[in-house]
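Given next are the chains, with one letter for each unit.
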Amino acid sequence: MLNNGLIIDNLYCIIREIGSGGMGVVYLGYHLRLNKYIVLKKIKDSEQNINLLRNEVDTLKGLHHSYLPQVYDFVSYGGNVYTIIDYIEGFDLKYYINSGFQFTEGQLIKWLKQLCEVLDYLHSHNPQVLHSDIKPANIIITNSGDICLIDFGVSLYNSNEVIGLSRNYSSPEQFYNYECLKNGMVSEIPVDSRTDIYSLGATFYHIMTHQMPSITNYPPPPVSNFNTGYSKQLQNIVQKAMAYRPADRFQSARQMLKAVDDMKKAGSRYKGYVLVQLLTSLLSVILVVAGIMFISNGVNKDISSAFQADYSQFAGLVSQGSSEIGEKGREILNNPDYNGLADNDTRAEILHAVGDYYFDAGDYYNAAYNYSECLGYKKSELYYRDYVMALIMDHRIDEAKTEIGVIQSEYPQSPVVPLLDAETAYMTGDYEKAVSIIDAALPAVSGDTENTYTAYVIKGKSYSALDQSDKAIEAFEAAKQQKETPSILRSLGDERIKNASKNNLQFEYKNAFDCFYTISEKYFLNTDDVINLAQSAMLAQEISQYDYCKKKLIEETGKKEDCRVYMILSILSDATADNQTEAYLKKSRELYESLSYEEKGYISSESLEKTKALYKQYCGQEWQ
Amino acid sequence: MNSNVIIGIVLIISGISVFAVSQILLRRWMKKYNNEWMEGAEKK
């Protein structure tokens, strides 16, 4: 018995007795250093094994939880041992039950969750801590409405001592162990954390039904028998916690806590919430995925449209023989967006067209380069033929011979090989041999437009080199019958001018003019074409065509400043008396003076003499 | 930018907006539901 006002260890002042526990009286005290109220509770009758007790209390002192009173220390006095614990203000659940309080389900769930949390904390501690004496009297409801679990009985794991056994709340295995001890037997059933689960369930059984369960009268009537008004889920949780066999209960406080949390998920409103959550998430995903698909489709459509537009434009340039073919072709081939759209056949077609452009322009190196790339995408007899032609024209005879070998092995029946032999003969200056090879090869290629065209072109070039213009013109006309191209029209036009000049055939100038006129109207004029157009018109004295020729020459001056163009323009301007002659003459002289000696050598002496004479006439000074 | 791209952008923005707004509203509802449930609103 401790007297009021007694000070123990100069720290703890006894205020009054407040109750009794399993071992005796419980005192309210005051911690003189911490300046707070404490509880002194006797836990041992003697000071024997005090070191073991010290270890136990140290364990309890290490527990810190908002739903547990803090254990500060233990103290020996008068042969007894007391623990020093936080004083918790409030009434215990036993008080409320005895007073007839009926709690709402919300309150019970809140306390049940808090008790599960604190039990989970204790059971997870190392070493594991079991309360072993959960009952309404050991659950305080604090002023804030939360629980505080007090009065640890035998709390440490592996201890089978049962002190202060609560018959109504102890688990079957606890009660069995007690019976064994009472009868001097050794208990065989281990007690673990599930015993606390049982006690918790029994406590809530009592709160909900106001009936104390009893282990000696197991099983107690189900909660549902009592018409408590509590939900089926809560009743089931309590029933499960109170299962006789530990294996049938919740296996941990955490599991029980989860079951309590899951209660709200049984409600129809919660199910509605889950359904709405699922539907809105699904709708969001569908919208985003649809959006991505639309964007992807739109981008692809744009790219596809752009490719079609570019390809159409390229095809138009090819049909006109435009000088932009090379640039446009490369632009399409190098565009990474078109990788999936331009297949190998298309790429080969574009490269072949670019090669043709360079070939017609006399740039055989670039022609061969493009033809070679073309073969990288698609191998065909035609492509091989044109590649070898370009090699030959570029004087790369050895490479050409290697490729001819490839053609012979890949296409043994091909009529292309004789054509290439003829081209080689032409390039090496053996024009008559070229003609005879072509004449022998023509029957084999009849019906094949491309090869027949090529055969006649080689024949025409060979006759032209042999100065046999009539036969050259005949061959070029035959080629033109197979396929009209700007190139063959140019060849025809040039040959007719040559024929007219050599044989004094005035009508040939008209024929030449017709060739260049066709190029002008249907295809694309280069600088030489424009000059030939105008010159052939003047030589043919096609006065009605002078204005047309001037228009084309003026267009050419907008693309390129070529001295020859201005010279011809001066002459035509004088012939048509359009008052622009002096300006054209001055420009001609200015551009002529800027030419190198070698470049001046390419200017027609006839044009130069005529221009100089006009210069003197219009500008009043000599053109040196 | 063709119409499909514009429609796609609108759909993506809509999808994100629907998700964001629904999450805000559902969280508010859940909080209210929790409070009501703890107060015994589900008591039979």
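Given the structure is predicted, the values throughout are model-derived calculations rather than measurements.

1. A closer look at the overall build of chain B
Counting its secondary structure elements, chain B contains one helix and zero strands. The burial tally for chain B puts 9% of its 44 residues in the buried class.

2. Examining the overall build of chain A
From N to C terminus, chain A includes 25 helices and nine strands. The burial tally for chain A puts 38% of its 624 residues in the buried class.

3. Considerations on the interface of chain B and chain A
Of the residues lining the interface, 25 residues belong to chain B; the matching set on chain A comes to 31 residues. In the side of chain B that touches chain A, the residues fall into 14 nonpolar, seven polar and four charged.

4. Examining unusual backbone geometry
In terms of backbone geometry, most residues other than glycine have negative phi values and most peptide bonds are trans. Residues and elements named next belong to chain A. Of note, the amide linkage connecting Asn126 to Pro127 takes the cis form, showing an omega dihedral of 5°. Here Pro127 is to be found in the loop between α3 (105-124) and β8 (139-142). The omega torsion of the bond from Tyr218 to Pro219 falls at -5°, within 30 degrees of zero and hence cis. Tracing the backbone through its elements, the reader meets Pro219 in the loop between α5 (194-209) and α6 (232-241). A positive phi angle, near 75°, is found at Ser132, a position not held by glycine. Residues other than glycine seldom take positive phi values, yet His395 does so here, at roughly 60°. Checked against the element boundaries, His395 lands in the loop between α12 (381-393) and α13 (397-410). Looking at His395, the number of C-beta atoms within 10 Å reads 13, which means it is partly exposed.

5. Comments concerning the sheet that holds strand β7 (residues 90-92) of chain A
All names here are of chain A. With antiparallel pairing, three strands are arranged side by side in an open sheet as β7-β8-β9. The outermost strands of the open sheet, each flanked by one partner alone, are β7 and β9 (147-149). Here the average twist between neighbouring strands, direction ignored, is 30°. Note: β7 against β8, three bridges, orientation antiparallel. The residue bridging Gly90 from the neighbouring strand is Thr142, located in β8.

6. Examining the packing of α3(A) against helix α7 (residues 253-261) of chain A
All names here are of chain A. Following both chains from N to C, one finds α3 and α7 inclined at 155°, their axes separated by 8 Å at the closest point. Overall, the two elements α3 and α7 adopt an arrangement that is roughly antiparallel. Read as a crossing pair, α3 and α7 show a hand that is left-handed. Residue-level contacts link Ile109, Leu112, Lys113, Cys116, Glu117, Leu119, Asp120 and His123 of α3 to Ala253, Arg254, Met256, Leu257 and Val260 of α7. A per-class count over the contact of α3 with α7 returns eight nonpolar, one polar and four charged.

7. Some thoughts on the packing of helix α21 (residues 546-559) of chain A against helix α22 (residues 563-576) of chain A
Residue and element names in this part refer to chain A. Between α21 and α22, whose axes approach to 10 Å, the crossing angle comes to 145°. The chirality of how α21 crosses α22 is left-handed. For the pair α21 and α22, the contacting residues are Tyr546, Asp547, Cys549, Lys550, Leu553, Glu556 and Thr557 in the first and Val565, Ile568, Leu569, Leu572, Ser573, Ala575 and Thr576 in the second. Tallied by class, the residues present in the contact of α21 with α22 amount to eight nonpolar, three polar and three charged.

8. With respect to the environment of A:Leu257
Residue and element names in this part refer to chain A. Tracing the backbone through its elements, the reader meets Leu257 in helix α7. The partly exposed category is assigned to Leu257, around which 19 C-beta atoms lie within 10 Å. For the pair formed by Leu257 and Gln114, sequence separation is 143 residues and the distance between their alpha carbons is 8.7 Å. Sequence-distant contacts of Leu257, that is, excluding residues within four places in its chain, are made with Lys113, Cys116, Glu117 and Asp120.

9. Notes on helix α9 (residues 325-334) of chain A
Residues and elements named next belong to chain A. Listed as buried for α9 are Ile325, Lys328, Gly329 and Ile332. All buried residues of α9 fall inside an arc of 100° around its axis, so they share one side. For α9, the elements touching its buried residues are α8 (268-320) and α10 (344-360).

10. What about the nonpolar core?
All names here are of chain A. Counting 87 residues, the largest nonpolar core has Val388, Ala390, Ala422, Ala434, Ala534 and Ile568 as the members making the most contacts within it. Taken domain by domain, the makeup of this core includes at least three residues from each of domain 3 (267-380) and domain 4 (561-624). In this structure Ala534 touches Cys549, Leu553, Ile568 and Leu572, once residues within four positions along its chain are discounted.

11. A closer look at helix α23 (residues 581-593) of chain A
Residues and elements named next belong to chain A. With 13 residues, α23 should reach 18 Å at 1.5 Å per residue; the first-to-last C-alpha distance of 18 Å fits that figure. Within α23 the residues assigned to the buried category are Thr581, Tyr584, Leu585, Ser588 and Arg589. All buried residues of α23 lie within an arc of 135° about the axis, which places them on one face of the element. Relative to its buried face, α23 has exposed residues pointing more than 90 degrees away, namely Glu590 and Glu593. Structurally, α23 contributes buried residues whose contacts are with α22 and α25 (605-619).

Conventions adopted
- Residues numbered from 1 in each chain as written.
- Chains lettered and ligands numbered in written order.
- Predicted model: local features only at pLDDT ≥ 70, side-chain atom pairs only at ≥ 80, totals over all residues.
- Helix = DSSP H or I, 4+ residues; strand = E, 2+ residues; numbered from the N terminus.
- Buried ≥ 20, exposed ≤ 12 C-beta atoms within 10 Å, placed from the backbone.
- Contact = placed C-beta atoms within 7 Å.
- Nonpolar A, V, L, I, M, F, W, Y, C, P; charged D, E, K, R; others polar.
- Pairing = 2+ DSSP bridges.
- Axes fitted to C-alpha atoms, helices over the stretch in contact; angles between N-to-C directions.
- Parallel < 35°, antiparallel > 145°, perpendicular 65-115°, else oblique.
- Left-handed = near helix turned anticlockwise from the far one by under 90°.
- Arc of directions from axis to C-beta.
- Core = buried A, V, L, I, M, F, W, Y, C linked by C-beta atoms within 7 Å.
- Domains from an automatic or database assignment.
- Expected span 1.5 Å × (residues − 1).

Limitation: the analysis is restricted to geometry and does not speak to function.
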